[in-house]
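# Descriptive analysis of the structure
The chain contents come next:
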Amino acid sequence: MELKCTVQNYDWGKQGIDSVVATLMQSSNPGFYPKEDVPYAELWMGTHPNGHSKLKNNDTPLDEYIQKNSHVLGNAVKKIFGTRLPFLFKILSIRKALSIQVHPNKEQAEELYRTHPEIYKDSNHKPELAVALSPFEALVGFRPISEIKNYLRSVPELRTAIGENKVVHLGCGDELSSRTALKNCFASLMAQEPEVVAQQLKKLHERLSNLDQATRQTLNANLFDQLYSDYPGDVGCFGIYLFNYISLQPGEAIYLGANEPHAYLYGDCVECMACSDNVVRAGLTPKMKDVETLVDMLSYICEPALSKRFQPSREDECTEVYRPPIKDFAVAKITIPPGRPSYEVIPRSTASILVIVNGKAEIPVSRILNRGSVIFIRSNESIQVKVLCGCHPMLMFQAFANVS
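As annotated in an unreviewed UniProt entry, the chain carries the name mannose-6-phosphate isomerase and comes from Nasonia vitripennis. The heading Sequence similarities (unreviewed entry) in the UniProt record of the chain holds the text "Belongs to the mannose-6-phosphate isomerase type 1 family." One UniProt comment on the chain, placed under Catalytic activity (unreviewed entry), says "D-mannose 6-phosphate = D-fructose 6-phosphate".

The following block contains the structure:
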């Protein structure tokens, strides 16, 4: 069943035909014409109330269809999640940084919903997986303590914003002591007076502009300049010295579990998450910041950037699957090589959503799917894809519950 999906026009999205979201919508919906100055940030595929999908043939909301035909989900999904689709599937096209944020675990989400329902509007956790479609940049997790200490030595403006009395204890003692010291440093930075933060960021910006290229590279000056241009005076600009900077190539992925700080910076990706809107923000955003909650929630685990990449496993010659350590979702990346006339999508024991990112295909019964087409596949349903343009690889992504 082909779906009509929702586009979100958040300010940080790429504009016009620069956006992958816009070009996918244009190729699969003849009446859609991207506007040059409009941001097309996200394509939502699923049943989330803020952007639910509809069946293309009769405009029935997908959630309504599932409620009336819950068997399509599969027995395991119904047993664990009831009569709902447990994930939200997305395409993101990012022009400027999203907020520095963290997602709660299930218990924390339930408590936030109970105590602050006007801010945190559901009780679900929100683990998420991002698979790059283009060169993709992000901040993910705290850097190793040794790297943070090196930056503190070479960025006096950061030391001042944190407070010298907090910095001195960082990296002294065992792992628990280091985590406590890092939490104290981070809390002090996040709680610093905005005027002090703005002054130190301005000083750093001016100093970086006078350095030689090699030193600028050491201090991530180009990235700092970009963040400072988009969010002048925002404490999140200092985040590049505390969090791992990661650059992904197409097909590479990151998984973000509970209580792990992150911020997407630039690029296009496929994203899948538990069906929730729970985001705790603390920087690089005009939206509400909940610094106290975020500081308390973070795990303060320090790991190198390389450890943040999430590896898939191969299922057959065309399909590899990213299976995070949660039951809400997994994502398959399906690449049909040039010259191959057809491929049978691996049947899943759960309902799934499939999106075509590159290529054109025909599926039974005589339905033509273009780049950007999205289909809902019932549990245990077999789909034979006939490739209609075989001169380039055909690329599809499929999201499904990670249960059997």
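## Describing the side chain of lysine 14
Residue position: lysine 14 is located in the loop between strand E2 (6-8) and helix H1 (20-28). Setting aside chain neighbours within four positions, we find lysine 14 in contact with Ser19, Val38, Pro39, Tyr40, Ser93, Ile94, Arg95, Tyr266, Gly267 and Asp268.

## Looking at the packing of helix H9 (residues 194-209) against helix H11 (residues 221-230)
Taken N-terminus to C-terminus, the directions of H9 and H11 make an angle of 135°; their axes are 11 Å apart at the nearest point. It follows that H9 is oblique to H11 by the angle criterion. For the pair H9 and H11, the sense of crossing is left-handed. Between H9 and H11, the contacting residues are Leu201, Lys202, Leu204, His205 and Leu208 on the first element and Ala221, Phe224, Asp225 and Tyr228 on the second. Broken down by class, the residue content of the contact of H9 with H11 amounts to six nonpolar, one polar and two charged.

## Describing the packing of aromatic side chains
All chains considered together, the criterion is met by twelve aromatic pairs. Judged by centre distance (6.3 Å) and plane angle (80°), the rings of tyrosine 65 and phenylalanine 376 are edge-to-face. Linking tyrosine 65 in helix H2 (residues 62-68) with phenylalanine 376 in strand E20 (residues 374-377), this pair joins segments that are 311 residues apart in sequence. Its relative accessible area of 14% is what places tyrosine 65 among the buried residues. Note on phenylalanine 142 and phenylalanine 186: the rings are 5.6 Å apart at their centroids and 90° apart in plane angle, and the pair reads as edge-to-face. Of this pair, phenylalanine 142 sits in strand E8 (residues 136-142) while phenylalanine 186 is found in helix H8 (residues 175-191), placing the two residues 44 residues apart along the sequence. Taken as a pair, phenylalanine 142 and phenylalanine 186 share a single burial class, namely buried. Among the aromatic side chains, those forming a connected cluster through ring pairs are Phe142, Phe186, Phe243 and Tyr300. A cation over an aromatic ring shows up here: lysine 96 above the ring of tyrosine 231, its NZ or CZ 5.4 Å from the ring centre.

## Considerations on H8
A rise of 1.5 Å per residue sets the reference length of H8, with its 17 residues, at 24 Å; its end C-alpha atoms lie 24 Å apart and thus fit the reference within 8%. Along H8, the residues that are buried comprise Ser178, Ala181, Leu182, Cys185, Phe186, Ser188, Leu189 and Met190.

## Some points on the side chain of threonine 285
Tracing the sequence through the fold places threonine 285 in the loop between strand E12 (280-283) and helix H12 (291-297). A relative accessible area of 11% means that threonine 285 is categorised as buried. What threonine 285 contacts, discounting residues up to four positions off in sequence, is Ser99, Tyr231 and Asp234.

## Things to note about the nonpolar core
Counting residues in hydrophobic clusters, the biggest one holds 51 residues, and the most contacted among them are Phe186, Leu189, Phe224, Phe238 and Tyr241. For this core, the element with the most residues is H8, which contributes six residues. The two domains that each donate at least three residues to this core are domain 1 (2-140 + 246-286) and domain 2 (144-241). Grouped together as the second largest cluster of nonpolar side chains are 48 residues, Met45, Leu85, Phe397 and Ala401 included.

## Considering the environment of alanine 181
Tracing the chain through its elements places alanine 181 in helix H8. Sequence spacing of alanine 181 and serine 379 is 198 residues, and the spatial spacing of their C-alpha atoms is 49 Å. If we skip the residues at most four places from it in the chain, alanine 181 touches His169 and Leu170.

## Description of the sheet that holds strand E21 (residues 383-387)
In space, the four strands of this open sheet follow the order E16-E21-E18-E19, with antiparallel pairing throughout. Each end of this open sheet is capped by a strand with a single partner; those strands are strand E16 (342-345) and strand E19 (367-369). Between one strand axis and the next, the sheet turns through 30° on average, direction left out of account. Where E16 lies against E21, four bridges are found, and the strand directions are antiparallel. Pairing of tyrosine 343 across the sheet is with valine 385, part of E21.

## As for the domain arrangement of the chain
Domain assignment breaks the chain into domain 1 (2-140 + 246-286), domain 2 (144-241) and domain 3 (316-400). Look at where the C-alpha atoms of domain 1 and domain 3 centre, and you get two points 19 Å apart. Counting residues at the interface gives 38 residues for domain 1 and 33 residues for domain 3. Where domain 1 abuts domain 3, roughly 2,800 Å² becomes buried across the two surfaces, and 74% of that area is made up of carbon and sulfur atoms. The largest share of the area that domain 1 buries against domain 3 comes from Glu2, Phe87 and Phe89, three residues that together contribute 19% of it. The interface formed by domain 1 and domain 3 holds zero salt bridges in total. Our count for the contact surface shared by domain 1 and domain 3 stands at nine residue pairs in polar contact (both at pLDDT 80 or more). Mapped by element, the contributors of at least two residues to the side of domain 1 that touches domain 3 are H1, H2, helix H3 (75-81), strand E5 (87-94), strand E7 (128-132), strand E10 (253-256) and strand E11 (262-274). Broken down by element, the side of domain 1 that touches domain 3 gets its largest block of residues, five residues, from H1. Partitioning the side of domain 1 that touches domain 3 into residue classes produces 28 nonpolar, eight polar and two charged.

Criteria and thresholds
Residues numbered from 1 in each chain as written. Predicted model: local features only at pLDDT ≥ 70, side-chain atom pairs only at ≥ 80, totals over all residues. Heavy atoms only, no water. UniProt positions renumbered as here; feature names shortened; annotations may be inferred. Helix = DSSP H or I, 4+ residues; strand = E, 2+ residues; numbered from the N terminus. Contact = heavy atoms within 4.5 Å. Axes fitted to C-alpha atoms, helices over the stretch in contact; angles between N-to-C directions. Parallel < 35°, antiparallel > 145°, perpendicular 65-115°, else oblique. Left-handed = near helix turned anticlockwise from the far one by under 90°. Nonpolar A, V, L, I, M, F, W, Y, C, P; charged D, E, K, R; others polar. Phe/Tyr/Trp six-rings, centres within 6.5 Å; stacked < 30°, edge-to-face > 60°. Buried < 20%, exposed > 50% of the residue type's maximum accessible area, 1.4 Å probe, protein only. Lys NZ or Arg CZ within 6 Å of the ring centre and 35° of its normal. Expected span 1.5 Å × (residues − 1). Core = buried A, V, L, I, M, F, W, Y, C linked by side-chain atoms within 4.5 Å. Domains from an automatic or database assignment. Pairing = 2+ DSSP bridges. Buried area = accessible area lost by both parts, 1.4 Å probe. Salt bridge = Lys/Arg side-chain N within 4 Å of Asp/Glu carboxyl O. Polar contact = N/O pair within 3.5 Å; in protein donor to acceptor, adjacent residues only side chain to side chain.

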